Amino acid sequence: DIPTYYEVIKKPMDMSTMRKKLDAGEYPNATKFFEDFKLMIWNYFIFNPLGTHVNQAGIDLQRL
């Protein structure tokens with residue numbers, strides 16, 4: 001865990017949470033799934049400075 005993460009990121013989202021929501025049928029449509037995906041990417045950019053591996057992963061995932 002990163003102690004400051006939840007101070008900076010007010011609406012956390014990650015792939016494991018998305019998977020759990022998908023398995024539980026919590027996404028009524030693809031748009032809602034994509035909204036969580038975009039939130040996850042946005043959080044990458046907010047918390048991880050440009051040039052870091054996680055920020056770059058966000059850039060790469062955003063291209064999908």
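Residues numbered from 1 in each chain as written. Predicted model: local features only at pLDDT ≥ 70, side-chain atom pairs only at ≥ 80, totals over all residues. Heavy atoms only, no water.

## Some details on the overall build of the chain
Piece 1. Each helix and strand in the chain was counted, giving 4 helices and 0 strands.
Piece 2. The order of helices and strands in the chain, counted from the N terminus, is α-α-α-α.
Piece 3. With respect to the principal axes defined by its C-alpha atoms, the chain has extents near 35 × 30 × 15 Å.
Piece 4. The buried share of the chain, taken over its 64 residues, is 27%.
Piece 5. If you take every contact in the chain between residues at least 6 apart in sequence, the share linking residues at least 24 apart comes to 39%.
Piece 6. Accessible surface, the chain as shown: approximately 5000 Å² in total, 60% of it carbon and sulfur. (Helix = DSSP H or I, 4+ residues; strand = E, 2+ residues; numbered from the N terminus. Buried < 20%, exposed > 50% of the residue type's maximum accessible area, 1.4 Å probe, protein only. Contact = heavy atoms within 4.5 Å. Areas by Shrake-Rupley, 256 points an atom, 1.4 Å probe, with all protein chains shown as cover.)

## Topic: the nonpolar core
Piece 1. Ranked by size, the top nonpolar core spans 9 residues in total: M13, M18, Y27, F37, L39, M40, I41, Y44 and L61.
Piece 2. Per element, the largest residue contribution to this core is 5 residues, and it comes from helix α3 (residues 30-47).
Piece 3. The contacts of I41, once residues within four sequence positions are left out, are G58, L61 and Q62. (Core = buried A, V, L, I, M, F, W, Y, C linked by side-chain atoms within 4.5 Å.)

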